[in-house]
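Examination of the molecular architecture
What follows is each chain in one-letter form.
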Amino acid sequence: MAEVPRLEVRDLVKHFPVRRGTFAKAREYVKAVNGVSLEIRDGETVAIVGESGCGKSTIARLILRLERPTSGSIRLDGEDLLAMEDTTSARRAVQLVSQNPWSALNRRKTIKHTLTQPLKVHDLVDTRAGRTVRAAQLLEEVGLSPDYLYRFPSGISGGELQRVTIARALAVSPGVLILDEPTASLDVSVKASIINLLIDLRDLENLTYLFITHEIDIAKHVSDRIAVMYLGRIVEQGPTEEIFENPQHPYTQSLLGSVPVPDPQLRAELKPISGEVPSAIDLPSGCTFHTRCPYVFDRCPEEIPELSMIDSRHLAACHLMEQGR
């Protein structure tokens, strides 16, 4: 019997209506997510990469039930997440670590309040003293001393704040962590320590990660598999090593070519992405990447390519695959 994925999305679509006035009917839609399917196995880290505006964070909001999908399904351990009546249990099972720890925490409340509140809301620890002890343990798990319990967010650094948000996410013992650009707002010197912490916690707690990022080098370091998104669709996915060593989709090749490298000779060989991202309101016909693709031919503006297998775990959505390029 096949293993049930820890997290699975199927044919996920989210279109946001655009209204020109308070009571006006929507005549246009921002097509943020357009038929995304993805599976994440227990203990696995899957990274979604792509340019800003490709729909990565919208997928996170849909899984967290902060937005309702236009269509499609989301399953957690085989159970329909959207149909769960116990919303508290569903929110406990999937937790978020966001991009901006400054906006994620209440600056008027102590770190102790931040960490003990989830324990109280979910009835995980009965007594106030017990919640304080557990909050101190959570701080130690993320590399901070219990002294931080009595400090306020304004009195600690960005890296320390992000450790607190990670501790808060861990407080309810989730199975899945959605990491939405968790290092994007941090200094370069701090990023490595946060990434190493997340890797250690994943192994210690047997966590499953959905890692959303535009930082390709970090995705390479932390993920088991990568899904590349462009304008609401996954255009390529597969094992991380395979994606980096054998990228098949022209967008993936261009995305990897945009990563800064110190070697001038290698830099000369790279082909970074050219042109502007089209509007998500008025998507190009056919393959949405055809307006920027160096290999475009007559079929590209006419037909939307489907994800097809390159091998058993590597897929790409490109008409060039059928041309035998």
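Just above, that's the structure.
Structure report, in brief.

So, the sheet that holds strand β4 (residues 71–76)
Sheet strands pair by backbone hydrogen bonding; their relative direction is either parallel or antiparallel. Taken together, the four strands give an open sheet; going across it, the order is β2-β1-β4-β5, and neighbouring strands pair in antiparallel fashion. The open sheet terminates on both sides in strands that have one partner only, identified here as β2 (28–40) and β5 (79–80). Across five bridges, strand β1 (residues 7–18) lies against β4 in antiparallel orientation. Paired with arginine 10 across the two strands is serine 73, which belongs to β4. Strands β1, β2 and β4 of the sheet are contacted by helix α1 (residues 56–63), whose axis makes an angle of about 110° with β1.

Some points on the packing of aromatic side chains
Considering all chains together, one arrives at three aromatic pairs under this definition. Between tyrosine 230 and tyrosine 251, the aromatic rings sit 4.7 Å apart at their centres with planes inclined by 50°, giving tilted as the arrangement. In this pair, tyrosine 230 is assigned in strand β9 (residues 225–230) and tyrosine 251 in helix α10 (residues 250–257), connecting sequence segments 21 residues apart. A single burial state applies to tyrosine 230 and to tyrosine 251, both of which are buried. When the ring of tyrosine 230 is compared with that of phenylalanine 289, the centres are 5.1 Å apart and the planes differ by 85°; the resulting orientation is edge-to-face. Of this pair, tyrosine 230 sits in strand β9 while phenylalanine 289 is found in the loop between α11 (264–269) and β11 (308–309), placing the two residues 59 residues apart along the sequence. An identical accessibility class is assigned to tyrosine 230 and phenylalanine 289; each is buried.

Some thoughts on the sheet that holds strand β12 (residues 315–316)
Taken together, the eight strands give an open sheet; going across it, the order is β6-β7-β8-β3-β9-β10-β12-β11, and neighbouring strands pair in mixed fashion. Each edge of the open sheet is held by one strand with a lone partner, namely β6 (94–97) and β11. Pairing geometry for β11 and β12, over two bridges, is antiparallel. In the sheet register, serine 308 faces β12, and the bridge partner there is alanine 316.

Observations regarding the pattern of salt bridges
If you walk through the whole model with that rule in mind, you get 12 salt bridges. A salt bridge links arginine 292 to glutamate 51; the nearest nitrogen and oxygen atoms lie 3.0 Å apart. Highlighted residues: arginine 292 in the loop between α11 and β11 and glutamate 51 in the loop between β3 (45–49) and α1, separated in sequence by 241 residues. Since its relative accessible area comes to 7%, arginine 292 is described here as buried. Here aspartate 203 and arginine 202 are joined by a salt bridge, their closest N and O atoms 3.5 Å apart.

Each value, and the rule that gives it
Residues numbered from 1 in each chain as written. Predicted model: local features only at pLDDT ≥ 70, side-chain atom pairs only at ≥ 80, totals over all residues. Heavy atoms only, no water. Pairing = 2+ DSSP bridges. Helix = DSSP H or I, 4+ residues; strand = E, 2+ residues; numbered from the N terminus. Contact = heavy atoms within 4.5 Å. Axes fitted to C-alpha atoms, helices over the stretch in contact; angles between N-to-C directions. Phe/Tyr/Trp six-rings, centres within 6.5 Å; stacked < 30°, edge-to-face > 60°. Buried < 20%, exposed > 50% of the residue type's maximum accessible area, 1.4 Å probe, protein only. Salt bridge = Lys/Arg side-chain N within 4 Å of Asp/Glu carboxyl O.

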